[in-house]
Amino acid sequence: AQSVTQLDSQVPVFEEAPVELRCNYSSSVSVYLFWYVQYPNQGLQLLLKYLSGSTLVKGINGFEAEFNKSQTSFHLRKPSVHISDTAEYFCAVSGDTGRRALTFGSGTRLQVQP
Amino acid sequence: DAGVTQSPTHLIKTRGQQVTLRCSPKSGHDTVSWYQQALGQGPQFIFQYYEEEERQRGNFPDRFSGHQFPNYSSELNVNALLLGDSALYLCASSARQGANLNSPLHFGNGTRLTVT
């Protein structure tokens, strides 16, 4: 079985400040990790994914994440946030490349303030 | 190129009724998954359809059923609605299993179901 824990339900941050959204996972098999973003009244959009290879993954909109197998973490970072980054962010894990079931965390609300 | 489309966008039903939600996958995709997202929670996997058959199922009761048509579109049916079924129902499509391993899930904007 797999599970995902997002350690912060809300993260307030000022515009142009750096941000880190934390994600820890547990799994008994090899994992594939994802970050999705959800804007109000919309579906989920893939930000980035880790399938294999380099543990530092770069995604869209300036986001990046680092896979740390020893700490079972996949934290999301952005060096400078914008007002438009205000959204709900979900970390997810899959036992394959993600075309089967994804297990999502409960989400982190990123609130960027001017 | 149309993405994943879901209908209706909003729906209000009464406890005990039945509901059908619809999903058309992104062009070129033939696998459809359904997720339930309760308010303030992450999405939970309901089931996945490929080649008109249910291939994988999450921890949902038999009241939740689905169907996939030859054109790859899909329906989610929920019988005997409970208040707790109120949620955003998301459809996601992807390319054929085994091909293009980097093909991500594409989500629709969802159907907001309210059960009163």
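Right above here is the structure, for reference.
Residues numbered from 1 in each chain as written. Chains lettered and ligands numbered in written order. Predicted model: local features only at pLDDT ≥ 70, side-chain atom pairs only at ≥ 80, totals over all residues. Heavy atoms only, no water.

A. Spotlight on the overall build of chain B. Helices and strands together make up the secondary structure of chain B, namely zero helices and 11 strands. Mapped from its N terminus to its C terminus, chain B presents α and β elements in the order β-β-β-β-β-β-β-β-β-β-β. Counting only C-alpha atoms, chain B reaches 40 × 25 × 25 Å along its principal axes. Burial analysis of chain B (116 residues in total) assigns 48% to the buried set. For chain B, long-range pairs separated by at least 24 residues make up 55% of all intrachain contacts whose partners lie at least 6 apart in sequence. (Helix = DSSP H or I, 4+ residues; strand = E, 2+ residues; numbered from the N terminus. Buried < 20%, exposed > 50% of the residue type's maximum accessible area, 1.4 Å probe, protein only. Contact = heavy atoms within 4.5 Å.)

B. Geometry of the side chain of A:Ser73. Residue and element names in this part refer to chain A. Relative to the elements of secondary structure, Ser 73 occurs in strand S9 (residues 73–78). Ser 73 gets classed as buried once you look at its relative accessible area, which sits at 4%. Excluding anything up to four places from it in sequence, Ser 73 contacts Cys 23, Asn 24, Tyr 25, Glu 66, Phe 67 and Asn 68.

C. Region of the structure containing the sheet that holds strand S3 (residues 19–24) of chain B. Residues and elements named next belong to chain B. Strand order across the open sheet formed by four strands is S1-S3-S8-S7, with antiparallel pairing between neighbours. Of all strands in the sheet, those with a lone pairing partner are strand S1 (5–7) and strand S7 (64–68), marking the two edges. Within this sheet the neighbouring strands show an average axis-to-axis angle of 20 degrees, counted without direction. Here S1 runs beside S3; their pairing, made up of three bridges, is antiparallel. Looking across to S3, one finds that Thr 5 is bridged to Ser 24. (Pairing = 2+ DSSP bridges. Axes fitted to C-alpha atoms, helices over the stretch in contact; angles between N-to-C directions.)

D. Local environment of the side chain of B:Thr20. Residues and elements named next belong to chain B. For Thr 20, the position within the fold is in strand S3. In terms of polar contacts, Thr 20 uses its side chain to reach the side chain of Gln 18, at 3.0 Å. Within the structure, the side chain of Thr 20 is placed 2.6 Å from the side chain of Asn 77, a separation counted as a polar contact. Setting aside residues no more than four positions away along its own chain, Thr 20 makes contact with Glu 75, Leu 76 and Asn 77. (Polar contact = N/O pair within 3.5 Å; in protein donor to acceptor, adjacent residues only side chain to side chain.)

Any link to function would need more than the numbers given here.
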